[in-house]
Amino acid sequence: MIHSIRLCNFQGHEDTLIELSPGVNVILGDPDSGKTSLLRALNWLRTNRPGGDRFVRHGSDGKTSVEIVVSGVDGKRHIVERYRSKTLNGYKVDGREYTGMGQDVPDEVKEILNLGDINVQNQLEKHFLVLNPPGQLSNRI
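Fair warning: this is a prediction, and the values are worked out from it, not measured in the lab.

Engineer: Even after reading the chapter, I still don't get the overall build of the protein, so can you show me in this structure?
Structural biologist: Scanning the protein from terminus to terminus reveals three helices and six strands. Counted from the first residue to the last, the protein has its helices and strands arranged as β-β-α-β-β-β-β-α-α. The 141 residues of the protein split such that 33% are buried. Expressed as a percentage of contacts within the protein between residues at least 6 apart in sequence, the contacts between residues at least 24 apart total 47%. Total accessible area on the protein stands at roughly 9400 Å², and carbon and sulfur atoms take up 49% of it.

What follows is the structure in structure tokens.
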């Protein structure tokens, strides 16, 4: 379970902290208020993509980060951060740094997040499993 998400200099977010409640959370807001940026930030943390620095907030010092507090599969709370600047590029898990991973995500991050493609829905995708034909549903089970 994700407890909180912090975006620093990610797209339009200078320093945004979102605290989530247990269960289902809904993110609402006006157009261009940063809802999609939040999804992109989580995807960047989860997949280490996209590469480059196009998502760094214009006018910032060039350092961007996404940090989440999550309950891991071990039941403990962990802090996972993905960061990038002109000279730094890596992850931190509970303060321990992981760098030099290329396009991969460190195994420790994958294990703690426990988020696969099935757990993430993009903004304009069909409702998960609701609109799928029966053949596709049977492949998921």
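Engineer: When you look at a nonpolar patch on the surface in this model, what are you seeing that I'm missing?
Structural biologist: On the surface, Val 24, Val 26 and Leu 28 cluster together to form a nonpolar patch covering roughly 390 Å² of accessible area. Relative to the helices and strands, Val 26 is located in the loop between strand 2 (13-19) and helix 1 (35-47).

Engineer: Just checking my understanding: could you explain the pattern of salt bridges for this structure?
Structural biologist: Any two side chains of opposite charge can pair, given that their charged atoms come close. Taken as a whole, this structure holds one salt bridge when the rule is applied. When the shortest N-O distance is used, the salt bridge between Asp 15 and Arg 6 registers 2.8 Å. Here Asp 15 falls in the partly exposed class, since its relative accessible area comes to 48%.

Engineer: Would you explain the nonpolar core in this entry?
Structural biologist: It is characteristic of soluble globular proteins that their nonpolar side chains tend to be buried jointly. The biggest cluster of nonpolar side chains holds 22 residues, and the ones touching the most others in it are Phe 10, Ile 68, Val 80, Val 109 and Leu 113. Of the residues forming this core, the biggest block, four residues, is contributed by helix 1. In contact with Leu 113, not counting residues within four places along its chain, are Leu 45, Arg 46, Ile 68, Val 70 and Val 80.

Here is what the cut-offs are and how they apply
- Residues numbered from 1 in each chain as written.
- Predicted model: local features only at pLDDT ≥ 70, side-chain atom pairs only at ≥ 80, totals over all residues.
- Heavy atoms only, no water.
- Helix = DSSP H or I, 4+ residues; strand = E, 2+ residues; numbered from the N terminus.
- Buried < 20%, exposed > 50% of the residue type's maximum accessible area, 1.4 Å probe, protein only.
- Contact = heavy atoms within 4.5 Å.
- Areas by Shrake-Rupley, 256 points an atom, 1.4 Å probe, with all protein chains shown as cover.
- Patch = residues over 30% accessible without salt bridge, like charges linked within 9 Å, V, L, I, M, F, W, Y side chains within 5 Å.
- Salt bridge = Lys/Arg side-chain N within 4 Å of Asp/Glu carboxyl O.
- Core = buried A, V, L, I, M, F, W, Y, C linked by side-chain atoms within 4.5 Å.

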